[in-house]
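# What the coordinates show
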Amino acid sequence: MTRELSDVEMRTIKVSALERGTVIDHLRGGTGLRVLSVLGLKEDEAIALGLNLESKKLGTKDLIKIENRELSQEEVNKIALLSPEATLSIIRDYKVIAKFQPELSEVLIGLIRCSNPSCIGNHEPIRSEFRVVHRRPLRVRCRYCERATNGERLELC
Amino acid sequence: MSKPATDQYFQGKDLVSMRDLSRDEILYILEVAQRFENDKQPRLAGKILANLFFEPSTRTRLSFHAAMARLGGTTLGFADAAITSVSKGESLVDTIRVVENYCDIIVIRHKLEGAARLAAEISQRPVINGGDGANQHPTQTLLDLYTIQKLHGRIEGLRVAFLGDLRYSRTVHSLIETLARFGCDLVLVSPPQLRLPTDLLDDMANIGVRCREEFDPSILPEDVDILYTTRIQKERFPDQLEYERVKSTYRVDRRALEIYDRTVTIMHPLPRVNEIAMDLDDYAGSAYFKQVENGVTVRKALLTLLVGAS
């Protein structure tokens, strides 16, 4: 059952509540814009972005609300790489139907650029592939040059 | 990774990295190599090996060539990428797609790390990594393990010191982690500039192996069974001044070995420059020429297993 919302209520909801979409909360302060950039935007999506908000858990946090979008596993992987502490909430009919932390896949394809200049992946037109060797703290290994890299040094494609 | 039951288990597989092999698989390959010591059967008659050496090599290339000839097969390929289509800008992917039509098995050496992995993904034929940049050199590791096993009767629990260039040497990188998996005690002796790369030290720490690091290669560690020496590789230094600074930081000779009251095994992947004195060539523990001999045996076993003709 729905009811008519006033203009004021609608404006408030645009920022504070979603009818349908995803809320990415507890992003490590300073990562919000980067997350937004790697997710990309579509024309029909409304996005609310909060930067450097107060957080009991993190000190400062960023927050993103995206209307009409549920994230793919690849997008979840990207968020997990940039800010593993983030919380994702899936919203339908203004209700949180799922809340979880982004969990990385075992194998990350086409997400990370290998930092080794002598890696074949930086010389031939191939998709990068990394395997997670340790989750917390994050450590991944390039399929090609086999070099292991710690999470904080990773560069996304 | 699993336990091989028969030789056919390896048929059609690639050998790219020691990380792909389980302990059981390694021990199985060494057992097969033992069978090939005196095997004179032309098991690969009519088969062709493509030796693709994008980076110079003498030992590895000739060793594969000799192994193939001993097995009755033939070898084609190149020893210098400058004379191939690569110099015209051909990609590695295309080179492999073409060459696999000419052969039954491919050996590739390349200066870029991961080149053998990519070649193995592309090729329908088995691919053996003959060395990729500073990453892996699995056939050298297997021949080193074979040599160690022959001389000491085991690999497990030995005390091994690595001396020299631990930063750029793929031979060391490839062997060191494998020995750690066999529970060997490892001592790493190098000038500070040439210490083992941090990511490999972290890898060792992550599998619970603690290596002792020493930074004065002129002092040999006393508590070891094997001294694995390496050449300071001029060609890997981005800065030649840095090379001049460290090139003569150590030399093992008869006198240096007087600290030991027993015979210590001296290994070296060769070529040597001056890090092992000639007066050690007839020392009972010197194993570097045995490594060369064992290289042909181990490569015979590998070629036969991967082609599936044993």
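The structure contained in this document is the topic of the report that follows. Only a predicted model underlies this, so the values are computations on that prediction, with no experimental measurement involved. (Residues numbered from 1 in each chain as written. Chains lettered and ligands numbered in written order. Predicted model: local features only at pLDDT ≥ 70, side-chain atom pairs only at ≥ 80, totals over all residues. Heavy atoms only, no water.)

### Some words on the interface of chain A and chain B
Taken residue by residue, the interface counts 16 residues in chain A and 18 residues in chain B. Surface buried jointly by chain A and chain B totals about 1500 Å² across both partners, of which 44% is contributed by carbon and sulfur atoms. Ranking the residues of chain A by area buried against chain B places Ile120(A), Arg139(A) and Glu146(A) at the top, with a combined share of 35%. Run the count over chain A and chain B and you get 7 salt bridges. Between Arg139(A) and Asp202(B) there is a salt bridge, and its shortest N-O distance comes to 3.8 Å. Where chain A packs against chain B, one counts 13 residue pairs in polar contact (both at pLDDT 80 or more). (Contact = heavy atoms within 4.5 Å. Buried area = accessible area lost by both parts, 1.4 Å probe. Salt bridge = Lys/Arg side-chain N within 4 Å of Asp/Glu carboxyl O. Polar contact = N/O pair within 3.5 Å; in protein donor to acceptor, adjacent residues only side chain to side chain.)

### What about the nonpolar core?
Ranked by internal contacts, the top residues of the largest apolar core, which has 57 residues, are Leu142(B), Leu145(B), Phe162(B), Leu179(B), Leu186(B) and Leu303(B). By residue number, the principal contributor to this core is helix H9 (residues 288-307) of chain B, which donates 7 residues. Grouped together as the second largest cluster of nonpolar side chains are 53 residues, Leu39(A), Leu88(A), Ile120(A) and Ala50(B) included. (Core = buried A, V, L, I, M, F, W, Y, C linked by side-chain atoms within 4.5 Å. Buried < 20%, exposed > 50% of the residue type's maximum accessible area, 1.4 Å probe, protein only. Helix = DSSP H or I, 4+ residues; strand = E, 2+ residues; numbered from the N terminus.)

### Section: the side chain of His137(B)
Residue and element names in this part refer to chain B. Looking at the element boundaries, His137 is found in the loop between strand E4 (127-132) and helix H5 (138-152). Classification of His137 by relative accessible area gives buried; the value is 3%. Here the side chain of His137 touches Arg109 through a polar contact of 3.3 Å, side chain to side chain. Other than its neighbours up to four places away in sequence, His137 contacts Thr60, Arg109, Gly130, Gly131, Arg170, Thr171, Ser174 and Arg299.

### Topic: the packing of H5(B) against H9(B)
All names here are of chain B. Remark: H5 packs on H9, axes separated minimally by 8 Å, with the N-to-C direction vectors making an angle of 115°. H9 is crossed by H5, and the crossing has right-handed handedness. Across the interface between the two elements, Thr139, Gln140, Leu142, Leu143, Asp144, Tyr146, Thr147, Lys150 and Leu151 of H5 pack against Lys290, Gln291, Asn294, Gly295, Thr297, Val298, Arg299 and Leu302 of H9. (Axes fitted to C-alpha atoms, helices over the stretch in contact; angles between N-to-C directions. Left-handed = near helix turned anticlockwise from the far one by under 90°.)

### Remarks on the packing of aromatic side chains
Residues and elements named next belong to chain B. Scanning the entire structure with this criterion turns up 5 aromatic pairs over all chains. Summarising the aromatic geometry, the rings of Tyr9 and Phe10 are spaced 5.0 Å apart at their centres and angled 80° between planes, so their arrangement reads as edge-to-face. By relative accessible area, which is 4% here, Phe10 ends up buried. An aromatic cluster of at least three residues, connected via ring pairs, comprises Tyr9, Phe10 and Tyr28. Its end group placed over the ring of Tyr9, Lys13 keeps NZ or CZ at 4.1 Å from the ring centre. Above the ring of Phe64, the side-chain terminus of Arg299 is found at 5.0 Å from the ring centroid. (Phe/Tyr/Trp six-rings, centres within 6.5 Å; stacked < 30°, edge-to-face > 60°. Lys NZ or Arg CZ within 6 Å of the ring centre and 35° of its normal.)

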